[in-house]
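# Per-entry structural report
For reference, the chains in residue letters:
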Amino acid sequence: MIVPMKKVTIFALRREREAILSALQKSSIMMINETDGAIKDAALDDVEARLSDAKDSLSFVSRYREKGGLFGDSPSATYEELCEQKEKEEKLCVRAGEIKNEMIKTENEISVLKSSIEQLSPWLPLNVAIGEIKSTKTSNARTGYISFANSAELMSRLEEIGAYGELLGASSGANAAFIVNHKSDDEQITTALKALGFIEASPPNVQGTAKAETEKTEK
């Protein structure tokens, strides 16, 4: 005859295990399935595993604490000390902002100076002070740029007319040029310059020679 059965779980102290099992066997009212004295519980296993890991970690830390090595005591500070530290950090932030602005200003000044040097570069061979390049009652002084292709032709035409011409440094595919002619030759000079594509342009507005001004700027 098959009798319906229900599953029953009994919790007891481990030291009473043998006595309980003996009593249940004598009564013949239960079929004992667990005989190892342990109840399987996934949550309990997880907790025990974490406890084991924690013990290992504490053991590791304690070894180094005893030696005074990797881990020291946590630092402590009063409220006043924290406020003082915060005030110092705020001052540092303000100073850092000031230094950043100073750096930006300095970088801009350096950029301007570099630009000035670049603009003076084509005029470095000119021995005349830029501030003294002026026309007089009897002569005209011109400065500007002539393409590489027409540079030699320009010098030849100036010589034919009887004017003074000097090719200087290069800039963007052209030579800087300095030209002086007698005013009576203005018409011929103007026609020749226009035909050869001469572009009048003034050097940077400085008083000394390009070389002297560049050396001053580089200092």
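First, a word on scope: everything that follows refers to the structure included in this document. (Residues numbered from 1 in each chain as written. Predicted model: local features only at pLDDT ≥ 70, side-chain atom pairs only at ≥ 80, totals over all residues. Heavy atoms only, no water.)

### Remarks on helix α6 (residues 210-218)
Among the residues of α6, Ala-210, Glu-213 and Thr-214 are the ones counted as buried. The buried residues of α6 all sit within an arc of 100° when viewed along its axis, so they share a single face. Exposed and facing more than 90 degrees away from the buried side of α6 are Lys-211 and Lys-216. (Buried < 20%, exposed > 50% of the residue type's maximum accessible area, 1.4 Å probe, protein only. Helix = DSSP H or I, 4+ residues; strand = E, 2+ residues; numbered from the N terminus. Arc of directions from axis to C-beta.)

### Focus on the environment of Ala-192
Checked against the element boundaries, Ala-192 lands in helix α5 (residues 186-195). Put simply, Ala-192 and Leu-154 are 38 residues apart on the chain and 7.7 Å apart in space, counted from C-alpha to C-alpha. Ignoring any residue separated from it by four or fewer positions in sequence, one finds Ala-192 in contact with Arg-157 and Ile-161. (Contact = heavy atoms within 4.5 Å.)

### Thoughts on the packing of aromatic side chains
If you walk through the whole model with that rule in mind, you get two aromatic pairs. Taking the centre distance of 5.7 Å and the plane angle of 65° together, the rings of Trp-123 and Tyr-145 count as edge-to-face. You can see Trp-123 sitting in the loop between α3 (79-120) and β1 (139-147) and its partner Tyr-145 sitting in strand β1, a full 22 residues away along the chain. Ring geometry for Tyr-164 versus Phe-178: centroids 6.3 Å apart, planes at 75°, classification edge-to-face. Of this pair, Tyr-164 sits in strand β2 (residues 164-171) while Phe-178 is found in strand β3 (residues 174-182), placing the two residues 14 residues apart along the sequence. Residue classification places Tyr-164 among the partly exposed residues on the basis of a relative accessible area of 43%. Judged by relative accessible area, Phe-178 falls into the buried class, the value being 7%. (Phe/Tyr/Trp six-rings, centres within 6.5 Å; stacked < 30°, edge-to-face > 60°.)

### Structural notes on the pattern of salt bridges
Counted according to the given criterion, the structure contains six salt bridges. Measuring nitrogen to oxygen at the nearest pair gives 2.7 Å for the salt bridge that ties Glu-160 to Arg-157. Placement of both Glu-160 and Arg-157 in helix α4 (residues 148-161) is noted, with a separation of three residues, approximately one turn of the helix. Relative accessible area serves as the criterion here: at 56%, Glu-160 is assigned to the exposed category. Among the residues examined, Arg-157 registers a relative accessible area of 26% and is labelled partly exposed. Taken together, the shared-partner salt bridges connect Arg-95, Glu-98 and Glu-102 into one network. (Salt bridge = Lys/Arg side-chain N within 4 Å of Asp/Glu carboxyl O.)

### What about unusual backbone geometry?
One non-glycine residue, Ser-172, lies in the positive phi region at around 50°. Considering the arrangement of structural elements, one finds Ser-172 in the loop between β2 and β3. Overall, the relative accessible area of 80% leaves Ser-172 in the exposed class.

### Considering the pairing of β3
Within β3, seven of the nine residues are buried, which leaves the element mostly enclosed by the surrounding structure. Pairing between β1 and β3: nine bridges, direction antiparallel. In the strand pairing of β3, Ser-147 is matched with Ala-174. Between β2 and the antiparallel strand that follows it, β3, lie two residues; Ser-172 among them carries a positive phi value of about 50°. (Pairing = 2+ DSSP bridges.)

### Focus on the nonpolar core
Core analysis: the biggest nonpolar cluster contains 12 residues, these being Ile-146, Leu-154, Leu-158, Ile-161, Ala-163, Ala-177, Ile-179, Ile-189, Ala-192, Leu-193, Leu-196 and Phe-198. Elements with a minimum of two residues in this core: α4, β3 and α5. With residues near it in sequence (within four places) discarded, Leu-154 still touches Ile-146, Ile-179, Leu-193, Leu-196 and Phe-198. (Core = buried A, V, L, I, M, F, W, Y, C linked by side-chain atoms within 4.5 Å.)

### Some thoughts on the environment of Gly-162
Position of Gly-162 relative to the elements: it lies in the loop between α4 and β2. Sequence separation of Gly-162 and Asn-181 is 19 residues, and the distance between their C-alpha atoms is 7.4 Å.

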